[in-house]
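Breakdown of the fold
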Amino acid sequence: MAEYIPSTRDWVAEQVELYEGSQGTEGLTLRDTGLPVIIVTNTGAKTGAIRKTPLMRVVDGDNYVLVGSQGGAPKHPVWVYNLTAEPNVEIRDGTIVQSMRVREVIDTEERNRLWAIAVEAFPPYTEYQNKTSRVIKVFLAEPKG
Ligand code: F42
């Protein structure tokens, strides 16, 4: 079994601990926004370690939209490279845990559609995109059939 390495950011590691430690019954929202969060368990591209990344819960049918906004920081978050290297992930949405496969959304039309859904779920994504010159990466997680 690979080792779990928590995020170096305390507030993120603490949310994961609360969310996962309660089997998805506590710590379900982002700070004071009250908006729902999922936990994406992914594999470190270099370490091979287990990484747990909280992201906003953005749903498109049976799928989840994963947005690499990182608050509009100049660089992509590291987890996007993990997902590119190893697209098989586990997603915890409250008490429900599913094995899913992730792909980066490249097609402009598909990205625009999913971006609109993401902004509706979490309006600050617009401000984050305006803050940075990089194009924020969008991924789609689909259940493994
Ligand atoms: N981030 C988002 O980008 N989008 C969201 O919608 C979002 C929502 C959200 C909600 C709640 C919450 O608590 C956090 C939320 N975040 C959101 C923040 C998110 O969880 C991440 O913390 C953030 O995106 C930064 O991701 P990161 O992967 O860059 O994490 C950093 C801080 C980190 O912990 N880095 C590790 C470190 O040690 O510095 C490395 C992690 C890693 O995966 N290492 C790889 C490995 O092999 O293990 C190396 C990979 C490589 O290529 O170098």
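For the structure itself, look to the data block above.
**Digging into the packing of aromatic side chains**
Taken as a whole and assessed by the stated rule, the structure comprises 5 aromatic pairs. Aromatic side chains Phe122 and Tyr128 sit 6.2 Å apart centroid to centroid with 55° between the ring planes, which places their arrangement in the tilted category. Tyr128 sits in the buried class, given a relative accessible area of 18%. An aromatic cluster of at least three residues, connected via ring pairs, comprises Trp115, Phe122, Tyr125 and Tyr128. Positioned above the aromatic ring of Trp11 is the side chain of Arg31, whose terminal nitrogen or guanidinium carbon lies 3.8 Å from the ring centre.

**Topic: the environment of Trp11**
Inspection of the secondary structure assignment puts Trp11 in helix 1 (residues 10-21). When its relative accessible area of 38% is taken as the criterion, Trp11 is described as partly exposed. Taking the C-alpha atoms as reference points, Trp11 and Arg31, separated by 20 residues in sequence, lie 9.3 Å from one another. The contact partners of Trp11, leaving out residues within four places of it in the chain, are Leu30 and Arg31.

**Looking at the sheet that holds strand 1 (residues 37-43)**
Taken together, the 7 strands give an open sheet; going across it, the order is 2-1-5-6-7-4-3, and neighbouring strands pair in antiparallel fashion. Because the sheet does not close on itself, it has two edges, and the strands there are strand 2 (50-56) and strand 3 (59-60). Note: strand 5 (residues 88-93) against strand 6 (residues 96-104), 6 bridges, orientation antiparallel. If you follow Arg92 over to strand 6, its bridge partner there is Val97.

**Section: the site of the ligand**
Looking at the ligand, there are 26 residues lining it, with Gln15, Lys46, Thr47, Asn82 and Tyr125 nearest. Interatomic distance of 2.6 Å between a backbone N/O atom of Lys46 and an oxygen atom of the ligand. Burial of the ligand by the surrounding chains reaches 84%, relative to a free accessible area of 1000 Å². Among the secondary structure elements, those contributing two or more residues to the shell around the ligand are helix 1, strand 2 and helix 2 (79-85).

Reading the values: the criteria
What you see as residue numbers is a count from 1 along each chain, following the sequence as written. Where totals are concerned, whole chains, interfaces and linings use all residues; where local detail is concerned, this predicted model gives features only for residues with pLDDT of at least 70, and gives and counts side-chain atom pairs only at 80 or more. Excluded from the side-chain calculation are hydrogens and water; included are all heavy atoms of the structure. Here the aromatic set is Phe, Tyr and Trp, taking the six-membered ring for Trp, and pairing holds for ring centres within 6.5 Å; pairs whose planes are under 30 degrees apart are stacked, those over 60 apart are edge-to-face, and all others are tilted. Summary of the burial criterion: residues with accessible area below 20% of their type's maximum are buried, those above 50% are exposed, and those between are partly exposed, where the area comes from a 1.4 Å probe applied to protein chains only. In this analysis the charged atom, NZ for Lys or CZ for Arg, is taken to sit over a ring once it is within 6 Å of the ring centre and within 35 degrees of the ring normal. Helix and strand labels come from DSSP, where a helix needs a run of H or I of at least four residues and a strand needs a run of E of at least two; each type is numbered from the N terminus. For this analysis, residues touch if any pair of their heavy atoms sits within 4.5 Å. By this definition, two strands are paired if DSSP reports at least two bridges between them. Consider each residue's heavy atoms; a residue with any of them within 4 Å of a molecule or strand counts as near. A 3.5 Å cut-off defines polar contacts: any pair of N or O atoms within that distance qualifies, except that in protein one atom must be a possible hydrogen donor and the other a possible acceptor, and neighbouring residues in sequence count only when both atoms are side-chain atoms. Surface exposure here means Shrake-Rupley accessible area, sampled with a 1.4 Å probe, where a residue is shielded only by the protein chains that are shown.

No statement about biological role is implied by the geometric values presented.
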